[in-house]
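Given next are the chains, with one letter for each unit.
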Amino acid sequence: MIEPATRLQTVQEYYFSRKLKEVALLKEAGKPIINLGIGSPDLEPPQKALDGLVGSLQLAEANKYQSYIGLPELREAMAKFYNDHYQVGLSPKTEILPLMGSKEGIMHISLAFLNPGDEVLIPNPGYPTYSSVTNLVGAIPKFYDLTEENNWQPNLRELENSDLSKVKLMWINYPHMPTGAVASNKNFEDIIAFAKRHNILVVNDNPYSFILNDYPRSILKYPGAKEVCLELNSISKTFNMAGWRVGMVAGNADYISHVLKVKSNMDSGMFYGIQKGAVEALKSSKLWFVSLNSVYEQRRNLVWKMADALNCTYDKNAVGLFVWAKLPQGIDSDSFIDNILKEKSIFITPGHIFGSNGEGYIRFSLCGGTEDLEEALARLR
Ligand SMILES: Cc1ncc(COP(=O)(O)O)c(C=O)c1O
């Protein structure tokens, strides 16, 4: 047997990869499973995006390798999207790079900026990929606490009392997954000032800003941000196009060129039709967001009722694609969700998979249809 690289010892099979096999077995055994675990949007993408893809399929051009930096019109559409929705000016030539989803950007940025032994500030709770990628590139995760008492914001003063001399990069993710917390103008300004004081690259992972959120914000809007920040964004949740794999990284031209150095050695451009579809999606009017959010609002009301039925508490001001609910005191999230899976055939994500500060919470996805949610509510009641 040939041994895998030692770096593989730093990561485990993703929780959902493991748990969804168990859920699938229950389904095969005839259990009427309702899956409120994962955040894969079930609603339709904009029709124009589908037309853009289909309309490109007969073009000979579509079958060739595509540019490493994406079609000019895709970069222009992304820059215009940032201008229209976040009031952030970006050069489509140098300050934006299309990605195959924002998730790959986490690896590309880490490969572009981290040396083995560098430390990386990672939110706890937070998206598990930040720490697994950090480990894979030989850097060291330094988790920072987010707590309900602190509105799930980093305690910068506390961080400054620790040794930050080896920290090169900090992941933030506002609106935050899994908690749905938003960062205020002041929160972003404070983080940028902190990054400047300690010469840290801050990356805001921003795929949720249009879901149930009245004030979409980009960190790049704040003075001085382009000196120390990058931002990842995505059409996965905004336009129900998670399987298309289109995201972007935006920021300072020099930083973007470092990311491109990695990425251009890893893939050979994104399929032409997908880029054409993404361009059309990005051009959607504000009405798109209104109708998308009216569906999520209805669903969230039902999920809130489910959380009530389970004696959980939650923040009605939270945004994004999930409801983050606190369990009654002293109950551990794994046995709680396993019990509901067994007794009620409803799959909900336990909070601990996002880090130790997620213990005592559960996360409901809003990617289930109204009928399923009504059925789930009836079962819980
Ligand atoms: C916080 C966060 N970042 C990034 C991603 C990746 O999104 P995508 O690669 O589809 O753009 C997700 C997906 O669930 C996420 O929750």
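Everything discussed here concerns the structure shown above.
Presented here is a report on the structure given in the accompanying data block.

So, how was this worked out
- Every residue gets a number counted from 1 within its own chain, in the order that chain's sequence is written.
- Whole-chain, interface and lining totals are the exception, using all residues; otherwise, since this is a predicted model, local features are given only for residues with pLDDT of at least 70 and side-chain atom pairs are given and counted only at 80 or more.
- Here the side-chain values reflect all heavy atoms present in the structure, with hydrogen atoms and water set aside.
- A helix here means a DSSP run of H or I that spans at least four residues, while a strand means a run of E at least two residues long, and both kinds are numbered starting from the N terminus.
- All radius of gyration figures rest on C-alpha atoms, and the globule criterion is 2.2 Å times the number of residues raised to 0.38.
- The buried label applies to any residue whose accessible area, calculated with a 1.4 Å probe on protein chains only, is under 20% of its type's maximum; exposed applies above 50%, and partly exposed to all values in between.
- Working rule for contacts: check all heavy atoms of both residues, and any pair within 4.5 Å makes them a contact.
- Using a 1.4 Å probe, the Shrake-Rupley method yields the accessible areas, and only the shown protein chains count as cover for residues.
- Among buried residues, the Ala, Val, Leu, Ile, Met, Phe, Trp, Tyr and Cys ones that are joined through side-chain atoms within 4.5 Å form a nonpolar core.
- Whether a residue is near a molecule or strand is decided by its heavy atoms; if any one of them lies within 4 Å of it, the residue is near.
- A 3.5 Å cut-off defines polar contacts: any pair of N or O atoms within that distance qualifies, except that in protein one atom must be a possible hydrogen donor and the other a possible acceptor, and neighbouring residues in sequence count only when both atoms are side-chain atoms.
- For this scheme, ten residues count as nonpolar: Ala, Val, Leu, Ile, Met, Phe, Trp, Tyr, Cys and Pro. Four count as charged, namely Asp, Glu, Lys and Arg, and the remainder, Gly too, count as polar.
- Lines fitted to C-alpha atoms define the axes, with helix axes restricted to the stretch in contact, and inter-axis angles between N-to-C directions lie between 0 and 180 degrees.
- Working rule for angles: under 35 degrees goes down as roughly parallel, over 145 as roughly antiparallel, 65 to 115 as roughly perpendicular, anything else as oblique.
- Working rule for handedness: look at the near helix, and if it is turned counterclockwise from the far one by less than a right angle, call the crossing left-handed; if clockwise, right-handed.
- Here a pair means two rings of Phe, Tyr or Trp (six-membered ring of Trp) with centres within 6.5 Å. Their orientation is stacked below 30 degrees between planes, edge-to-face above 60, and tilted elsewhere.
- The rule for a charge over a ring is simple: NZ of Lys or CZ of Arg within 6 Å of the ring centre, and within 35 degrees of the ring normal.
- Salt bridges are identified by distance alone: a Lys or Arg side-chain nitrogen within 4 Å of an Asp or Glu carboxyl oxygen.
- Here, any two strands with at least 2 DSSP bridges between them count as paired.

**A look at the overall build of the chain**
Phase 1 of the analysis: From N to C terminus, the chain includes 13 helices and 12 strands.
Phase 2 of the analysis: For the chain, whose C-alpha radius of gyration is 21 Å, the value lies close to the compact-globule estimate of 21 Å for 381 residues.
Phase 3 of the analysis: Judged by the C-alpha coordinates and their principal axes, the chain covers about 55 × 55 × 55 Å.
Phase 4 of the analysis: Expressed as a percentage of the 381 residues in the chain, the buried residues total 53%.
Phase 5 of the analysis: Excluding contacts between residues fewer than 6 apart, the proportion of contacts in the chain whose partners are at least 24 apart in sequence is 76%.
Phase 6 of the analysis: Per element, the accessible surface of the chain, about 17,400 Å² overall, is 50% carbon and sulfur.

**Thoughts on the nonpolar core**
Side chains of a nonpolar character, in soluble globular proteins, are inclined to be buried together.
Phase 1 of the analysis: Core analysis: the biggest nonpolar cluster contains 100 residues, and Met-170, Ile-362 and Phe-364 have the highest contact counts within it.
Phase 2 of the analysis: Among the elements that take part in this core, helix 11 (residues 286–309) stands out by supplying nine residues, more than any other.
Phase 3 of the analysis: Membership of the second largest hydrophobic core comes to 22 residues, among which are Ile-106, Ile-122, Leu-201 and Ile-256.

**Focus: the site of the ligand**
Phase 1 of the analysis: Looking at the ligand, there are 14 residues lining it, with Asp-205, Tyr-208, Ser-234, Ser-236 and Arg-245 nearest.
Phase 2 of the analysis: Within the contact set of the ligand, an oxygen atom lies 2.6 Å away from a side-chain nitrogen or oxygen of Ser-234.
Phase 3 of the analysis: Here the ligand has 390 Å² of accessible area as a free molecule, and 91% of this is covered by the chains.
Phase 4 of the analysis: Grouping the constituent residues of the shell around the ligand by class yields five nonpolar, five polar and four charged.

**Focus: the environment of Glu-22**
Phase 1 of the analysis: The residue Glu-22 is located in helix 1 (residues 15–28) in this model.
Phase 2 of the analysis: Those residues in contact with Glu-22, other than ones at most four positions away along the chain, are Asp-338 and Leu-341.

**As for the side chain of Ser-333**
Phase 1 of the analysis: Within the element layout of this structure, Ser-333 appears in helix 12 (residues 333–344).
Phase 2 of the analysis: Leaving out residues up to four positions away in the same chain, Ser-333 has contacts with Leu-327, Pro-350, Gly-351, His-352, Glu-359, Gly-360, Tyr-361 and Ile-362.

**Let's talk about the packing of helix 3 (residues 72–86) against helix 10 (residues 272–282)**
Phase 1 of the analysis: Where helix 3 contacts helix 10, the two axes come as close as 9 Å, and the packing angle between them is 20°. Overall, the two elements helix 3 and helix 10 adopt an arrangement that is roughly parallel. When the axes of helix 3 and helix 10 are compared, the crossing they make is left-handed. Contacts between helix 3 and helix 10 involve Glu-73, Leu-74, Ala-77, Met-78 and Phe-81 on the former and, on the latter, Gln-275, Lys-276, Ala-278, Val-279 and Leu-282.

**Digging into the packing of aromatic side chains**
Geometry of an aromatic ring pair is reported as the spacing of the ring centres plus the angle between the planes.
Phase 1 of the analysis: Inspection of the entire model under this criterion finds 22 aromatic pairs.
Phase 2 of the analysis: Here Trp-152 and Tyr-361 contribute two aromatic rings whose centre-to-centre distance is 5.5 Å and whose plane-to-plane angle is 75°, an arrangement assigned as edge-to-face. You can see Trp-152 sitting in the loop between strand 4 (140–145) and helix 6 (156–160) and its partner Tyr-361 sitting in strand 12 (residues 361–365), a full 209 residues away along the chain.
Phase 3 of the analysis: For the cation-ring pair, Arg-363 lies above Phe-322, with the distance from its terminal atom to the ring centre recorded as 3.7 Å.

**A few points about unusual backbone geometry**
Phase 1 of the analysis: That bond from Asn-124 to Pro-125 is cis: its omega, 10°, falls within 30 degrees of zero.
Phase 2 of the analysis: With respect to the helices and strands, the residue Pro-125 is situated in the loop between strand 3 (119–124) and helix 5 (129–136).
Phase 3 of the analysis: Across the junction of Tyr-174 and Pro-175, the peptide omega takes the value -5°, indicating a cis bond.
Phase 4 of the analysis: Locating Pro-175 in the fold gives a position in the loop between strand 5 (167–172) and helix 7 (185–198).
Phase 5 of the analysis: Positive phi values are uncommon outside glycine, yet Asn-151 reaches one of about 50°.
Phase 6 of the analysis: In this structure, Asn-151 sits in the loop between strand 4 and helix 6.

**Section: the packing of helix 11 against helix 13 (residues 370–380)**
Angle between the axes and distance between the axes are the two parameters that describe a pair of packed helices.
Phase 1 of the analysis: Direction vectors running N to C along helix 11 and helix 13 enclose 15°, while the axes themselves pass 9 Å from each other. Here helix 11 lies roughly parallel to helix 13, going by the angle between them. Crossing angle aside, the handedness with which helix 11 passes helix 13 is left-handed. Residues Gln-298, Arg-299, Leu-302, Val-303, Lys-305, Met-306 and Ala-309 of helix 11 form the contact with helix 13, whose own contacting residues are Thr-370, Leu-373, Glu-374, Ala-376, Leu-377 and Leu-380.
Phase 2 of the analysis: By residue class, the composition of the contact of helix 11 with helix 13 is eight nonpolar, two polar and three charged.

**Description of the pattern of salt bridges**
Phase 1 of the analysis: Going through the model one piece at a time under the given rule, you end up with 15 salt bridges.
Phase 2 of the analysis: In this structure, Glu-22 and Lys-19 form a salt bridge, with 3.2 Å as the shortest nitrogen-oxygen distance. Here Glu-22 and its partner Lys-19 are both found in helix 1, three residues apart, which amounts to about one turn of the helix.
Phase 3 of the analysis: Judged by relative accessible area, which is 37%, Glu-22 ranks as partly exposed.
Phase 4 of the analysis: In this structure, the salt-bridge partner of Glu-160 is Arg-197, at a minimum N-O distance of 2.8 Å. Of the two residues, Glu-160 is situated in helix 6 and Arg-197 in helix 7; the sequence distance between them amounts to 37 residues.
Phase 5 of the analysis: For Glu-160, a relative accessible area of 30% translates into the label partly exposed.
Phase 6 of the analysis: A relative accessible area of 52% places Arg-197 in the exposed class.

**Side note on the pairing of strand 8 (residues 247–251)**
Phase 1 of the analysis: Along strand 8, five of the five residues are buried, which leaves the element largely enclosed by surrounding structure.
Phase 2 of the analysis: In this structure, strand 2 (residues 96–99) lies alongside strand 8, joined through four bridges in antiparallel fashion. From the neighbouring strand, Leu-97 faces strand 8, where its bridge partner is Val-249.
Phase 3 of the analysis: In this structure, strand 7 (residues 229–234) lies alongside strand 8, joined through five bridges in antiparallel fashion. Looking at strand 8, one finds that Leu-232 is bridged to Val-249.

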